[in-house]
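These are the residues of each chain, in order.
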Amino acid sequence: MQPLPVVLVYRNQPERLVDTIDAFRAQDVPVVITLVDNGSATVPPVEADDVTVVPAGGNVGFGPAANIGYRRFLEDPTAGEWVVLAPHDALPAPNCLSGILAALAQRPRAGLACADVGDGATPVIDPYFGGILIPARVHEGWEPAGHPHGTLMFARRACLDEIGVFDERYFAYCEEADLALRARDAGWECGLVRGAMVKNPHISSTSAAIDYLQLRNTLLLVRDHSGRYHTFIRFCIALWQLAAGAVAPSRRGPYWHPRGRLRGLVDFVRGRFGPPPADLLPDH
């Protein structure tokens, strides 16, 4: 059986990376891994016959780093029909990849798909709020979804050839939703495969950069795919949420950070996209 190409985006978590590579090697289908190093201080010695390390040249963001792996896949016509993408801390169950492949074999217009993270929710895209979650509607097998989870997602070669790769303005967050909307507009399906399990045990700490990127990129997604009216309403909601969170902690989201949110609003208006400002990163 031809090895399934896997792209892992890595940054500064050597122990988690080793566990993730072991989890992909333990799959019941063979894999070949392209590890894109996002400017890490340390990369463990993982390069082998089935693992190729490709430096990104710095912390270019999840989407741009993933694109490095995607482009290598697309440039190799012998690499097969599907490519898998995951971060360095995704831990798929041993039958995760084969379960997704079995579901995809029945859906010739499936362009994007993702594993089941076990939260009982399905990602959809709201015209005002961007990517949100709703309760799952099926218990096993293929379930239509608005966009794939970035924890572990499949992309079909023909789909990427037609619509392109991630929009690098996003840097991180919302790029999967943008890709899925472009795929939908081109007639491709997106879904989640219930029962094909993946875990991501690492929970990110609160960061101004996360709140900044999530808000700024949601506004970009809404503007590009829903139009100016929806963007205006979403912007007003964001202002209300900023004020409400400042006086009522119960109204704050998990990554709520007033300076990050305010900067995200300002930079969206200014048209500043790409990496977050350096002063919002955790070491500042």
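So, a few notes on the structure that sits alongside this text. Worth saying up front: this structure is predicted, and the values here are computed from it rather than measured.

Turning next to the nonpolar core. Core analysis: the biggest nonpolar cluster contains 34 residues, and Y70, V83, L85, L112, M153, F166 and L179 have the highest contact counts within it. The leading source of residues in this core is helix α2 (residues 62-75), at 5 residues. Ignoring any residue separated from it by four or fewer positions in sequence, one finds F166 in contact with G63, A66, N67, Y70, L85, M153, E175, E176, L179 and R182. Grouped together as the second largest cluster of nonpolar side chains are 32 residues, V31, L97, L101 and V193 included.

On to the packing of aromatic side chains, then. This model, assessed by the stated rule, comprises 3 aromatic pairs. The interplanar angle of 70 degrees and the centroid separation of 6.3 Å between the aromatic rings of F268 and F273 together place this pair among those described as edge-to-face. You'll find F268 and F273 in the same group, each marked buried. Residue placement shows R109 over the ring face of W188; its charged tip is 3.8 Å from the ring centre. Just above the ring of F73 sits the side chain of R157; from NZ or CZ to the centre is 4.1 Å.

How each quantity is defined
Residues numbered from 1 in each chain as written. Predicted model: local features only at pLDDT ≥ 70, side-chain atom pairs only at ≥ 80, totals over all residues. Heavy atoms only, no water. Core = buried A, V, L, I, M, F, W, Y, C linked by side-chain atoms within 4.5 Å. Buried < 20%, exposed > 50% of the residue type's maximum accessible area, 1.4 Å probe, protein only. Helix = DSSP H or I, 4+ residues; strand = E, 2+ residues; numbered from the N terminus. Contact = heavy atoms within 4.5 Å. Phe/Tyr/Trp six-rings, centres within 6.5 Å; stacked < 30°, edge-to-face > 60°. Lys NZ or Arg CZ within 6 Å of the ring centre and 35° of its normal.

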